[in-house]
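For reference, the chains in residue letters:
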Amino acid sequence: MGDTTMKKALIIGGGIAGPVTAMALQRAGLEPIVCEAYQEAAAEQIGAYLTVAVNGLSALSLIDAHHVVTETGHPTGTMAFATSAGKHITDLPLGGVLPDGTITHSAKRRDLYRAFNLEAARRGVRYEYGKRLVDAAPTPDGGVLASFADGSTMTADLLIGADGIRSRTREIIDPTAPKAHYLGMYGLGGFVTDRALHAELGLRPGIYNMIFGKKVFFGYLVSPEGEIWWFANVPRPQALTPEESATTTPARFREQLVELLSADKGPAARIAAGTPDETFVPGFNQFDMPTVRTWHNDTMVIVGDAAHAVAASSGQGVSMAVEDAVTLAICLRDIPDTADAFAAFENRRRDRVERVVKHGADTSGDKATNGAGRWVVRQLTPFFLKRAAKAGIGSLNWMFDHRISWDAR
Ligand SMILES: Cc1cc2nc3c(=O)[nH]c(=O)nc-3n(C[C@H](O)[C@H](O)[C@H](O)COP(=O)(O)OP(=O)(O)OC[C@H]3O[C@@H](n4cnc5c(N)ncnc54)[C@H](O)[C@@H]3O)c2cc1C
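Residues numbered from 1 in each chain as written. Predicted model: local features only at pLDDT ≥ 70, side-chain atom pairs only at ≥ 80, totals over all residues. Heavy atoms only, no water.

Draft legend 1. Layout of the domain arrangement of the protein chain. Split into domains, the protein chain comes out as domain 1 (8-73 + 108-180 + 290-368) and domain 2 (181-288). Just the C-alpha atoms count here: the centres of domain 1 and domain 2 sit 28 Å apart. Tallying the contact residues gives 17 residues for domain 1 and 26 residues for domain 2. Our enumeration of links across domain 1 and domain 2 arrives at one salt bridge. Glutamate 227 is paired through a salt bridge with lysine 108; the nearest N and O atoms lie 2.9 Å apart. Counting every contact that joins domain 1 to domain 2 gives two residue pairs in polar contact (both at pLDDT 80 or more). When its residues are assigned to classes, the side of domain 1 that touches domain 2 shows eight nonpolar, four polar and five charged. (Domains from an automatic or database assignment. Contact = heavy atoms within 4.5 Å. Salt bridge = Lys/Arg side-chain N within 4 Å of Asp/Glu carboxyl O. Polar contact = N/O pair within 3.5 Å; in protein donor to acceptor, adjacent residues only side chain to side chain. Nonpolar A, V, L, I, M, F, W, Y, C, P; charged D, E, K, R; others polar.)

Okay, structure coming up:
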């Protein structure tokens, strides 16, 4: 397909990377079409809330989209760590301040997914819901033919897999690519709508709290409206089966979690117990992924979690997805040959992404560990966290201060 006409790009997945890539491609002069497997993004059901770091917000500002996060969420510039005994270990800043005063924000996952997709649709991006990609192949004219589970097909100049950690696009590009593997824990989450509880428990608003519990890793924050948002990582050697996920009620998950949290001092058990069924996020298995060696072929590329899964607790998964999106759009804008543009994209992104993935793994490696290994890590964690706090935000400048230039060619 020719380079002189507006290139048509099929974007597989309407999660985070999908709509942001679509908006960035539109700015870069391409014609994006988002194809989402479900009637709405499925991944919005997984987990309670997301933190978008300043580096991600900066990347979004290049396409005038960081307001989507700031209007949906609220500032959470500091992370505080505590032990199972309720002892405060240290505070760590979650990045610096952008020129317009914006700092790291947190938003409910469902709200953020919807807001990004609504904003992309508002900007005129075409959406096709109920389109699950099953296969894709090059066409004789240098484009790509995508096949969907409903039997339909679509052609385009290029295809971008923003289809998450269990990406089908990744497999199509490289059938030997690694698969996501179960991390040995499942997640739970929820929102406490009783606004009196945070005051009763004396919780500080605007702080992202992490508790290294004896059995469960627990995180929470208080929204400006006084809701408590929380998540928990529960170690479990076997993944939840689809039947277990479908038949275990929120009440049962809550009962089990409160029991596990009862070994700890601090607010976690009260928060979990105070979460009503309607705002309880039931168990979901957690995955990670080894390094993906091949990110693209001549007409297809992967971005976001499809290419690299950053530990959930690092708070960088969304930021990496949006940095990918903007960088890919710049490469496709400036480099006429699609395959060359994909190679330039990988060249610009791989080292940074792998460093962030490693940082995430280093700082969250204990959450699924059981027994003695867990005890050892727990003894060392306060030491490493205090050292990081002493080094100050400077030690993480490389992660938070990354800035992409939209104009530099
Ligand atoms: C519990 C939890 C907590 C997290 N917390 C944070 C956090 O605080 N901060 C942070 O930055 N990151 C966090 N992350 C990571 C973050 O959620 C991901 O990095 C981010 O969602 C990646 O976005 P994505 O668009 O690449 O993939 P996804 O959000 O997974 O979206 C993929 C989309 O593709 C669709 N899809 C899949 N297959 C197909 C197909 N074959 N055809 C069509 N569509 C398809 C899916 O339905 C989905 O809508 C967390 C992750 C988890 C699991």
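Draft legend 2. Up close: the site of the ligand. In the vicinity of the ligand lie 33 residues, with Ala17, Glu36, Tyr113, Asp305 and Val318 positioned nearest. Contact between the ligand and alanine 37: a nitrogen atom at 3.1 Å from a main-chain N or O atom of the residue. Contact between the ligand and aspartate 305: an oxygen atom at 2.7 Å from a side-chain N or O atom of the residue. Bound to the protein, the ligand loses 89% of the 1,000 Å² it would expose on its own. Contributions of two or more residues to the shell around the ligand are made by strand S2 (31-36), strand S3 (49-52), helix H4 (109-122) and helix H10 (317-334). Class assignment for the residues of the shell around the ligand results in 17 nonpolar, nine polar and seven charged. (Near = heavy atom within 4 Å. Areas by Shrake-Rupley, 256 points an atom, 1.4 Å probe, with all protein chains shown as cover. Helix = DSSP H or I, 4+ residues; strand = E, 2+ residues; numbered from the N terminus.)

Draft legend 3. Looking closely at helix H2 (residues 54-61). Counting buried positions over the eight residues of H2 gives seven, a clear majority of the element. Among all positions in H2, only Val54, Asn55, Gly56, Leu57, Ser58, Ala59 and Leu60 are buried. (Buried < 20%, exposed > 50% of the residue type's maximum accessible area, 1.4 Å probe, protein only.)

Draft legend 4. How the structure looks around the side chain of asparagine 209. On the secondary structure map, asparagine 209 appears in strand S14 (residues 207-212). Only 3.1 Å separates the side chain of asparagine 209 from the backbone oxygen of isoleucine 207, close enough to count as a polar contact. Residues contacting asparagine 209, with those up to four places away along its chain left out, are Ala80, Phe218, Gly219, Tyr220 and Leu221.

Draft legend 5. Just the pattern of salt bridges, in detail. Counting across every chain of the model gives 20 salt bridges. In this structure, arginine 236 engages glutamate 244 in a salt bridge whose closest nitrogen and oxygen atoms are separated by 2.7 Å. Owing to a relative accessible area of 25%, glutamate 244 belongs among the partly exposed residues under this scheme. Residues glutamate 255 and arginine 252 are paired through a salt bridge, measuring 3.2 Å at the closest nitrogen-oxygen approach. Of this pair, glutamate 255 and arginine 252 both sit in helix H8 (residues 250-261), separated by three residues, roughly a single helical turn.

Draft legend 6. The arrangement of the sheet that holds strand S1 (residues 8-12) in detail. Taken together, five strands build an open sheet; the order of strands is S8-S2-S1-S12-S18 and the sheet is parallel. In this open sheet, the two edge strands, each paired with only one partner strand, are strand S8 (126-129) and strand S18 (300-302). Neighbouring strand axes in the sheet, compared pairwise and without regard to direction, differ in orientation by 20° on average. (Pairing = 2+ DSSP bridges. Axes fitted to C-alpha atoms, helices over the stretch in contact; angles between N-to-C directions.)

Draft legend 7. Molecular detail of the sheet that holds strand S11 (residues 153-156). Read from one edge to the other, the open sheet built from three strands follows the order S9-S10-S11, with strand pairing classed as antiparallel. The sheet is open, and its two edges are formed by strand S9 (133-138) and S11, each paired on a single side. Sheet twist, expressed as the average angle between the axes of neighbouring strands with direction ignored, equals 20°. Two elements, strand S10 (residues 144-148) and S11, share four bridges in a ladder whose sense is antiparallel.

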